[in-house]
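Fold and geometry: a report
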Amino acid sequence: MAAKIIDGKALAEQVRARVRAEVQELTAAGLQPGLAVILVGEDPASQVYVRNKERACADVGIRSLVHRLPAATSQEELLALIDRLNADPAVHGILVQVPLPPGLRADELQRAVDPDKDVDGFHPVNAGRLLLGQPGFVPCTPAGILELVKSTGTEIAGCEAVVVGRSATVGKPTATLLLAENATVTVCHSKTRNLPDVCRRGEILVVAVGRRELVKGDWIRPGAVVIDVGINRGEDKLYGDVEFASAREVAGFLTPVPGGVGPMTVAMLMVNTVKAARLAAIQGGRG
Ligand code: NAD
């Protein structure tokens with residue numbers, strides 16, 4: 001039987017509707033959530049991503065401010081801007097769009113963001129909190145992946161989950177989230193032996209590699225929930241890391257590319273920004 005296609009756009013709209021209602025309530029109480037985005041240089045994909053984030057903010061009522069800066073901007077100028085944004089009470093979330101032009105050090109900039117405004121969840125403090133099971137900001141793509149899995153009604157506890165890819169922004173945090181949900185998690189990477197065999201163990205299979213159609217239908221356990229994170233630009237269209245046509249014959253649930261993980265990533269950024277605004281209100285109240 002063909003897999004059910006998980007509609008990431010529809011799920012993202014549900015999330016945004018919840019966020020919109022929360023933003024209305026906060027704005028009425030005098031606390032409109034605000035997101036500052038730093039975009040340096042002319043990377044075309046980044047321009048598109050940032051425009052999508054601006055649109056999503058406008059759609060839910062979050063105030064967004066994009067700092068579009070030339071590629072020649074120095075590390076020191078960016079650090080000074082982040083300092084100003086950290087101190088600005090109208091800014092609740094700050095994100096530095098990556099990749100940055102050569103010569104700029106993204107990790108240092110991400111570390112400079114106040115962890116309580118780190119809506120991307122890339123600051124080491126938030127990475128540590130996630131690993132320790134403490135409250136903090138969870139990176140948006142992994143948070144969206146978890147929502148997509150949950151939307152299938154799958155009981156995650158006790159499941160065999162396989163995550164292909166171990167990046168700090170997608171693979172590792174996704175594995176950590178699944179572990180926190182009591183899945184038995186295997187993480188695969190470029191040195192994994194017998195990748196197809198390991199993938200076939202997964203009742204949940206998350207693929208975040210960046211290689212067009214790496215995972216074939218016969219790598220998939222029948223009935224598995226398959227989340228395809230990959231975005232690979234082909235000559236004609238975008239491709240995922242999973243071969244869609246063969247995978248849909250075997251999987252139980254499958255995300256499309258585009259229209260799966262991407263919209264949920266942006267929706268979770270809205271969730272994190274509202275969370276940051278609430279956090280600021282609590283801290284302000286304490287102050
Ligand atoms: P990355 O390059 O940082 O990490 C890729 C990972 O894949 C590495 O851990 C590497 O060990 C592993 N890998 C490489 N070749 C492999 C192979 N042959 N077999 C098994 N593992 C292999 O990439 P990333 O930032 O994690 O992104 C992965 C993909 O997800 C990319 O296509 C990216 O564009 C996409 N992505 C999508 C979203 C979204 O919102 N939809 C967000 C982030 C990333």
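Above this text sits the structure in question.
Description of the structure in this document.

Procedures and definitions
- Residues numbered from 1 in each chain as written.
- Predicted model: local features only at pLDDT ≥ 70, side-chain atom pairs only at ≥ 80, totals over all residues.
- Heavy atoms only, no water.
- Phe/Tyr/Trp six-rings, centres within 6.5 Å; stacked < 30°, edge-to-face > 60°.
- Lys NZ or Arg CZ within 6 Å of the ring centre and 35° of its normal.
- Axes fitted to C-alpha atoms, helices over the stretch in contact; angles between N-to-C directions.
- Helix = DSSP H or I, 4+ residues; strand = E, 2+ residues; numbered from the N terminus.
- Parallel < 35°, antiparallel > 145°, perpendicular 65-115°, else oblique.
- Left-handed = near helix turned anticlockwise from the far one by under 90°.
- Contact = heavy atoms within 4.5 Å.
- Nonpolar A, V, L, I, M, F, W, Y, C, P; charged D, E, K, R; others polar.
- Buried < 20%, exposed > 50% of the residue type's maximum accessible area, 1.4 Å probe, protein only.
- Near = heavy atom within 4 Å.
- Polar contact = N/O pair within 3.5 Å; in protein donor to acceptor, adjacent residues only side chain to side chain.
- Areas by Shrake-Rupley, 256 points an atom, 1.4 Å probe, with all protein chains shown as cover.
- Salt bridge = Lys/Arg side-chain N within 4 Å of Asp/Glu carboxyl O.
- Expected span 1.5 Å × (residues − 1).
- Pairing = 2+ DSSP bridges.

**Regarding the packing of aromatic side chains**
Applying the stated criterion across every chain, the model contains 0 aromatic pairs. Positioned above the aromatic ring of Tyr239, the side-chain terminus of Arg212 is 3.5 Å from the ring centre. Taking the ring centre of Phe137 as reference, the NZ or CZ of Lys275 above it sits at 5.4 Å.

**Re the packing of helix H6 (residues 140-151) against helix H7 (residues 171-180)**
To characterise two packed helices, one gives the angle between the axes of the helices and the distance between these axes. As a packed pair, H6 and H7 sit with axes 8 Å apart at the nearest point and diverge in direction by 40°. In this view, H6 runs oblique relative to H7, as classed from their interaxial angle. The two elements H6 and H7 cross, and the hand of that crossing is right-handed. Taken together, the residues of H7 that come into contact with H6 (itself represented by Pro142, Ala143, Ile145 and Leu146) are Pro173, Thr174, Leu177 and Leu178. Broken down by class, the residue content of the contact of H6 with H7 amounts to 7 nonpolar, 1 polar and no charged.

**Brief notes about H7**
Across the 10 residues of H7, 7 count as buried, placing the element largely inside the fold. For H7, the secondary structure elements touched by its buried residues are helix H5 (124-132), H6, strand E5 (160-164), strand E6 (184-188) and strand E7 (204-207). Just past H7, the residue Asn182 takes up positive phi, approximately 70°.

**A short note on the site of the ligand**
For the ligand, the set of nearby residues contains 20 residues, the closest of which are Arg166, Ser167, Gly210, Ile231 and Thr265. Between the ligand and the protein, one listed contact pairs an oxygen atom with a side-chain N or O atom of Ser167 at 2.6 Å. In the model, an oxygen atom of the ligand is placed 3.4 Å from a nitrogen or oxygen of the Val229 main chain. Bound to the protein, the ligand loses 71% of the 860 Å² it would expose on its own. When residues in the shell around the ligand are grouped by element, the largest group, 3 residues, is from helix H10 (residues 261-286). Among the residues making up the shell around the ligand, the classes are represented as 8 nonpolar, 10 polar and 2 charged.

**Thoughts on the pattern of salt bridges**
Going through the model one piece at a time under the given rule, you end up with 13 salt bridges. The partner of Glu108 in a salt bridge is Arg105, with the nearest N and O atoms 2.8 Å apart. Classification of Glu108 as partly exposed rests on a relative accessible area of 24%. A residue is classified by how much of its surface remains accessible, and Arg105, at 42% relative accessible area, is partly exposed.

**Considering the environment of Pro101**
Counting through the fold element by element, Pro101 comes out in the loop between strand E4 (93-96) and helix H4 (106-112). In this structure, the C-alpha to C-alpha distance between Pro101 and Glu42, residues 59 residues apart in sequence, is 8.6 Å. Contact partners of Pro101, with chain neighbours within four places excluded, come to Val40, Gly41 and Ala71.

**Here's the deal with helix H2 (residues 44-60)**
Think of an α-helix as 3.6 residues a turn; residues three or four steps apart then line up on the same face. Compared with an ideal rise of 1.5 Å per residue, which puts 17 residues at 24 Å, H2 spans 25 Å between its outermost C-alpha atoms and is within 8% of the ideal. Among the residues making up H2, those that are buried are Ser46, Gln47, Val50, Lys53, Ala56, Cys57 and Val60. Positive backbone phi, at 95°, marks Gly61, one or two positions downstream of H2.

**Things to note about the sheet that holds E7**
Pairing within the open sheet is parallel, and its 6 strands lie in the order E1-E11-E8-E7-E5-E6. Two strands in the sheet have a free side with no partner beyond their single neighbour: strand E1 (4-5) and E6. One ladder, built from 4 bridges, connects E7 with strand E8 (residues 225-228); its direction is parallel. For Ile204, the partnering residue across the bridge sits in E8 and is Val225. Helix-sheet contacts for H7 involve E5, E6 and E7, and the interaxial angle to E5 is about 170°.

Spatial relationships are all this shows, so hold off on functional conclusions.
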